[in-house]
Amino acid sequence: MTGRIFPIDRFGEVSRLVSVIPKGFQAWAALIVRISASLLVLMGCVVMSGWAIQSPAIVQINPTFTPMQFNTALCFGLSGAGLWLVALQRWRLATGLGMAIGLIAGLTLIQYLTGLSFGLDELFMTHFTEVETSHPGRMAPNTAVAFVLCGGFLIGASLPGERPLARSSLLIISPVVIGLALLSLAGYASGLEVLFGWSVHTRMAIHTSVGFLIFGIGAACKAWRLESRRGQSRSFSIVSPVVVASLTLLAGLWVALTHYEAQRVAQLAAIDPAIARTALPEIVAGVGLLATVLVGVAVHFVHRAQETHRLREANRDLRAAVQELDKFAHVASHDLKAPLRGIRQLAIWLKKDLAEDADPRTARYLNQMDTRIERLQDLLDALLSYSRIGQSQRRPERFELDTAVREVVSLASPPAGMAVEVDLKGVELKMDRGLFDATLLNLISNAAKHHDRPQGKIRITAEDLGEWVAVRVADDGPGIDPRFHARIFEIFQTLTSRDELEASGIGLAIVRKALKHSGGEIRLESDPEQARGSVFIVTWPKGVKGEHRHNQKSAR
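Each value, and the rule that gives it
- Residues numbered from 1 in each chain as written.
- Predicted model: local features only at pLDDT ≥ 70, side-chain atom pairs only at ≥ 80, totals over all residues.
- Heavy atoms only, no water.
- Phe/Tyr/Trp six-rings, centres within 6.5 Å; stacked < 30°, edge-to-face > 60°.
- Helix = DSSP H or I, 4+ residues; strand = E, 2+ residues; numbered from the N terminus.
- Buried < 20%, exposed > 50% of the residue type's maximum accessible area, 1.4 Å probe, protein only.
- Lys NZ or Arg CZ within 6 Å of the ring centre and 35° of its normal.
- Patch = residues over 30% accessible without salt bridge, like charges linked within 9 Å, V, L, I, M, F, W, Y side chains within 5 Å.
- Areas by Shrake-Rupley, 256 points an atom, 1.4 Å probe, with all protein chains shown as cover.
- Salt bridge = Lys/Arg side-chain N within 4 Å of Asp/Glu carboxyl O.
- Core = buried A, V, L, I, M, F, W, Y, C linked by side-chain atoms within 4.5 Å.
- Contact = heavy atoms within 4.5 Å.

**Student:** Help me understand the packing of aromatic side chains, please; the structure alone is not making it clear to me.
**Tutor:** The geometry of an aromatic ring pair comes down to the distance between the two centres and the angle between the two planes. Taken as a whole, this structure holds nine aromatic pairs when the rule is applied. Considering the side-chain rings of Phe76 and Phe147, the 5.0 Å spacing of their centres and the 65° angle between planes classify their relative orientation as edge-to-face. On the criterion of sequence distance, the pair formed by Phe76 in helix H3 (residues 70-87) and Phe147 in helix H5 (residues 141-157) is long-range, its members being 71 residues apart. For Phe147, a relative accessible area of 0% gives the class buried. Counting every residue linked through ring pairs, the aromatic cluster contains Phe76, Phe147 and Phe212. Lying across the ring of Phe399, Arg433 places its NZ or CZ 5.2 Å from the centre.

In C-alpha cells:
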C-alpha cells in the first residue's frame with residue numbers, strides 16, 4: 001500500500017499575497033528602465049565620440065574636472081544596452097554584456113592592486129588629456145567597482161527561473177551604485193575630493209557619477225519589477241534598498257569627516273602640537289548606524305502591518321465569495337429540481353400514452369430520457385448536500401464513535417451483499433455531529449458503490465492518537481490507482497464512466513469540505529498493483545483543545 005496525505009485547505013487562508021508594487025507603478029517602473037537604458041547608451045556614444053574628435057567640453061565638461069575615460073564610456077554604452085536586453089528578456093545577450101563589463105572593470109581593479117598593466121587602458125583610444133588621472137586612459141577604482149556591480153546586476157537579472165538569492169542581490173546592488181554616485185556628486189558639490197577619488201588614483205568624473213545614478217535608478221526599478229513577479233510581498237524588498245543606500249552614504253560621510261578631521265589636526269599642529277584628533281567621525285558614524293537600524297526595523301514592522309491588513313481584507317473577500325458560491329449552488333440546485341420533475345412527468349405520460357404502440361427506438365429514447373433526468377436529479381441532490389456543508393452553526397458534542405458509526409451505516413443502507421464491520425468501542429470524539437455523519441456516510445457509500453463484486457466487506461476501526469482520533473474505513477474493492485488519489489476529491493470527478501456506473505462525483509468532495517470545516521485531514525492508502533482494496537484514514541482533533549489549536553492555525 002502507498003500513502004498520500006491531502007491537507008485540507010483552511011477556510012479563509014490566502015496562498016498568494018498582494019504584490020509589493022502596485023500595477024500602475026509597475027508600468028512606470030518599466031518605462032523608467034527603458035529611459036535609463038536609452039540615456040546610458042546615448043551618454044556612452046556621445047563621450048566616445050568626444051574622444052574621437054578630441055573635444056574637452058564633452059570628455060571633461062569643465063577643463064579642471066576629471067575626464068570620463070574611453071573605457072568608462074564604453075562600459076556605459078554596454079550597460080545601457082544590457083538594461084534594454086533585460087527589459088526585452090533577451091537573457092543570453094544581457095548576460096554576455098554583463099560579463100564583458102565585469103571583465104573590463106575587473107581587469108582594471110587587478111591593475112590597481114598589482115601595479116601591472118595589461119594594455120587595456122588605451123586599447124581602443126589614445127588619450128589626449130590626463131587631468132586628475134593617475135594612469136592615462138584608466139578608469140577610476142571606484143568607477144571600476146561600480147561597473148563590477150553593474151555587470152553583476154545584468155547577469156543576476158538574466159538568470160532563468162526563480163533564484164531567490166540572485167533576486168535578493170539585485171535589491172542590494174542597485175542602492176550601492178546609487179550611493180556611490182551620490183557620494184561622488186556630493187564631493188563635487190562640496191569640493192571634497194575624497195568622496196569621488198580614492199587615494200592618489202584617478203578620480204571619478206562628474207558625468208560618470210550621473211551615469212551611475214541613472215543606471216542605479218533603472219536597476220532599482222527592474223529589481224522591484226522582478227521582485228513583484230514573485231507574487232508575494234517581502235519587507236526585504238523595501239528595507240534592503242533603504243538600509244544599503246543609507247550605509248553607503250554613511251560610509252562616505254565617515255570618510256569625509258575623517259579627512260576633514262585630519263586636515264584640521266594638521267593645520268592646528270603648528271600652533272598647538274598637543275592638539276588631538278576628535279572622535280567626531282566615529283560618533284557621527286555610530287549615530288547614523290543606529291538611525292539606519294531603527295529606520296530599517298520601523299519600515300519592516302510598518303510593511304508587515306500593511307501586509308497583515310491586506311491579508312485580512314483578502315480573507316474577508318474570499319470568505320464572502322465562498323459564501324456567495326455556496327448560496328448560488330444551493331439556490332440553483334433547489335430551483336432546477338422543479339422543472340426537471342415536470343420534464344420527467346412528461347416522459348412518463350408519453351410512455352403511458354404510447355404504451356404498446358411505441359416502436360423500439362422510441363421506447364429506447366424515452367428510457368434514456370428517464371435515466372438522464374434521474375441522473376440529473378441525483379446530481380442536483382448531491383450538489384444541494386455539498387452546498388449545505390458548513391452553512392449551519394457548528395454545535396460540538398461529545399459522542400461514542402461506535403454508536404455514531406452504526407447509526408450512519410444504518411442510514412447509508414449498503415447493498416445486501418456488502419458486509420460492514422464496526423469496531424470502535426471505547427473511543428469518543430467531540431465535534432459537530434452533522435459534519436461527522438456527512439464524512440462517514442459518503443465514505444461508506446463510496447466504498448459500496450464502487451465495489452466491483454456482488455459480495456464485499458467494509459471494515460471501520462479507530463485509533464486513539466492522544467489529542468487526535470484516526471478513523472479507518474477499509475474495503476476490499478478494486479482499489480484506486482495512486483495517479484488518481486488527488487483527483488477523486490475534486491467535485492464532479494469520477495473514475496468510471498457514468499454510463500457504466502451512476503455516480504454524481506460529489507461524495508468525496510463533500511468529505512473534503514466537511515473535513516475542512518471540522519479541522520480534520522484525510523489520507524488514502526491504495527495501490528491495485530500491490531493489493532486489492534482502499535483504506536481512507538481520517539483524523540480529527542479529539543476535543544475542545546484540538547479544535548482550539550485548529551482555529552489558531554486557520555487564523556494564521
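Now that the structure has been shown, the text picks up again.
**Student:** When you look at a nonpolar patch on the surface in this model, what are you seeing that I'm missing?
**Tutor:** A cluster of nonpolar side chains, namely Trp28, Leu31, Ile35, Leu39, Leu42 and Val46, defines an oily patch on the protein surface of about 580 Å² accessible area. Structurally, Val46 can be placed in helix H1 (residues 23-53).

**Student:** Hey, could you run me through the nonpolar core in this one?
**Tutor:** Met68, Phe76, Leu83, Phe147, Phe153, Phe212 and Phe215 are the most contacted members of the largest nonpolar core, which has 45 residues in total. Among the elements of the structure, H1, H3, helix H4 (91-114), H5, helix H6 (164-190) and helix H7 (206-228) are those that each provide at least two residues to this core. By residue number, the principal contributor to this core is H3, which donates nine residues. In this structure Phe215 touches Leu40, Ser79, Leu83, Cys150, Phe153 and Val177, once residues within four positions along its chain are discounted. Judged by nonpolar contacts, the second largest core, of 37 residues, contains Leu401, Met418, Leu508 and Val511.

**Student:** Explanation requested: the pattern of salt bridges in the structure shown.
**Tutor:** Pairing of side chains with opposite charge becomes possible as their charged atoms draw close. Under the counting rule described, the total for this entry stands at eight salt bridges. Where Asp423 meets Arg459, a salt bridge forms, and the shortest distance between an N and an O atom there is 3.8 Å. With Asp423 in strand E3 (residues 418-423) and Arg459 in strand E5 (residues 456-464), this pair connects stretches of sequence that are 36 residues apart. The salt bridge partner of Arg433 is Asp437, with a shortest N-O separation of 3.0 Å. Here the residue Arg433 and the residue Asp437 both occupy positions in helix H12 (residues 433-449), the gap between them amounting to four residues, near one helical turn. A single salt-bridge network, built from bridges that share partners, covers Glu407, Arg433 and Asp437.

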